[in-house]
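Fold and contact review
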Amino acid sequence: MVDCRDRGLQYGDGIFETMRVRSGQVRLLDLHLDRLYLGCRKLRIEAPARPNLRRELVHLAGHRQDGILKLIITRGSGPRGYRPSGNERCRRIAFLQSLPGGGSDDEAPVRLRVCTTALGTNPALAGLKTLNRLESVLARAEWSDARIWDGLMRDADGNVVSGSMSNLFLRRGATLTTPLLDRCGVAGVMRRWILQHAGDLGLRTAERRVRWSDLKSAEEVFMCNAVAGIRPVRSIAQAGGSTLKFGRRETADRLRSLLDAQ
């Protein structure tokens, strides 16, 4: 049972990682730990020793061939008030779940929609996967159509930033572009892996502001996250507006093959 004074429960004071377990091992575990410890440093949470935490996650993942492993780190319990006392001891919660529907990875192209919920700007928290995900909660509540895989979210200036649960990539020629996440959004682990390995496929990478016009001129669009992997996009619908359609998926397929080979 979690203490009701836990600051993660009281204020969302913490971070989390959602990891894909395949064949009893955590995919991209070290990248997850890199982001976790970066988040702890930025929030000034004294995290458990990395070697010990890594061993715990490896041991837990070994209990299931395929699944989802979620790790939550909170600052721990403390006195009332926003200001940390400095005496808190971090709390970690980890649990292993089966894949949704009990199925394996899906490679089928997905449908997206554009959300009306916007992402707020906060450079101090940009890129981090904190426990406060209310913007994503509101965005995901916008639709109930099971055919829609995710919704694209924009910032206050109308720039496309990410999906509610995923990161966005678009390709034109030999350039692979993903939105810049210096003001908002979550810097996903799979996003980082793609940026590191795109050069293996002869692709240049760019992180910059992305507008609707960039999506209209893209030859290929795909989404990614640590659990779902890399998913080509079939279409993007605007509420009461136009729908963009995409027929190409070769970059997504090549990256997926490279990921599976590791």
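Here's a quick rundown of the structure. Since we're looking at a predicted model, the values are computed, not measured.

1. Points about the overall build of the protein chain
- When its secondary structure is counted, the protein chain shows seven helices and 13 strands.
- Whereas a compact globule of 262 residues would reach a radius of gyration of roughly 18 Å, the protein chain reaches 19 Å, a difference of no more than 12%.
- Each principal axis of the C-alpha atoms in the protein chain carries an extent, and together these give about 55 × 40 × 35 Å.
- Counting across all 262 residues of the protein chain, residues that qualify as buried make up 47%.
- Counting contacts in the protein chain only where the partners sit at least 6 residues apart, residues at least 24 apart contribute 72% of the total.
- Put simply, the protein chain shows about 13300 Å² of open surface, and 49% of that area lies on carbon and sulfur atoms.

2. A word on the pattern of salt bridges
- The full count for this structure, using the stated rule, is 26 salt bridges.
- Residue R92 pairs with E56 through a salt bridge whose shortest N-O separation is 2.8 Å. Taken together, the residues span a long stretch of sequence, with R92 in strand β4 (residues 91–97) and E56 in helix α3 (residues 50–61) at a distance of 36 residues.
- You can call E56 partly exposed: its relative accessible area is 35%.
- Salt-bridge contacts for D214 lead to R208; the nearest nitrogen and oxygen are separated by 3.5 Å.
- A relative accessible area of 36% means that R208 is categorised as partly exposed.
- Here the residues in one salt-bridge network are D30, D34, R50, R54 and R192, joined through shared partners.

3. Examining the pairing of strand β6 (residues 148–155)
- Across the eight residues of β6, seven count as buried, placing the element largely inside the fold.
- Bridge analysis of strand β5 (residues 110–119) against β6 gives six bridges, and the strand direction is parallel. Bridging across to β6, R113 finds its partner in G151.
- Inspection of the sheet shows β6 paired to strand β7 (residues 160–163) by three bridges, in the antiparallel sense. The residue of β7 that forms the bridge with L152 is G163.
- Between β6 and β7, which pair antiparallel one after the other, the connecting turn spans four residues, and G158 there sits at a positive phi close to 85°.

4. Thoughts on the side chain of T18
- With respect to the secondary-structure elements, T18 resides in strand β1 (residues 14–22).
- When near neighbours in sequence (up to four residues on either side) are disregarded, T18 contacts H32, I68, L69, K70, K129, A226 and V227.

5. Observations concerning the packing of aromatic side chains
- Throughout the structure, instances matching the rule amount to two aromatic pairs.
- Against the face of F16 rests K70, its NZ or CZ located 4.6 Å from the ring centre.

Definitions and limits used
Residues numbered from 1 in each chain as written. Predicted model: local features only at pLDDT ≥ 70, side-chain atom pairs only at ≥ 80, totals over all residues. Heavy atoms only, no water. Helix = DSSP H or I, 4+ residues; strand = E, 2+ residues; numbered from the N terminus. Rg over C-alpha atoms; globule rule 2.2 N^0.38 Å. Buried < 20%, exposed > 50% of the residue type's maximum accessible area, 1.4 Å probe, protein only. Contact = heavy atoms within 4.5 Å. Areas by Shrake-Rupley, 256 points an atom, 1.4 Å probe, with all protein chains shown as cover. Salt bridge = Lys/Arg side-chain N within 4 Å of Asp/Glu carboxyl O. Pairing = 2+ DSSP bridges. Phe/Tyr/Trp six-rings, centres within 6.5 Å; stacked < 30°, edge-to-face > 60°. Lys NZ or Arg CZ within 6 Å of the ring centre and 35° of its normal.

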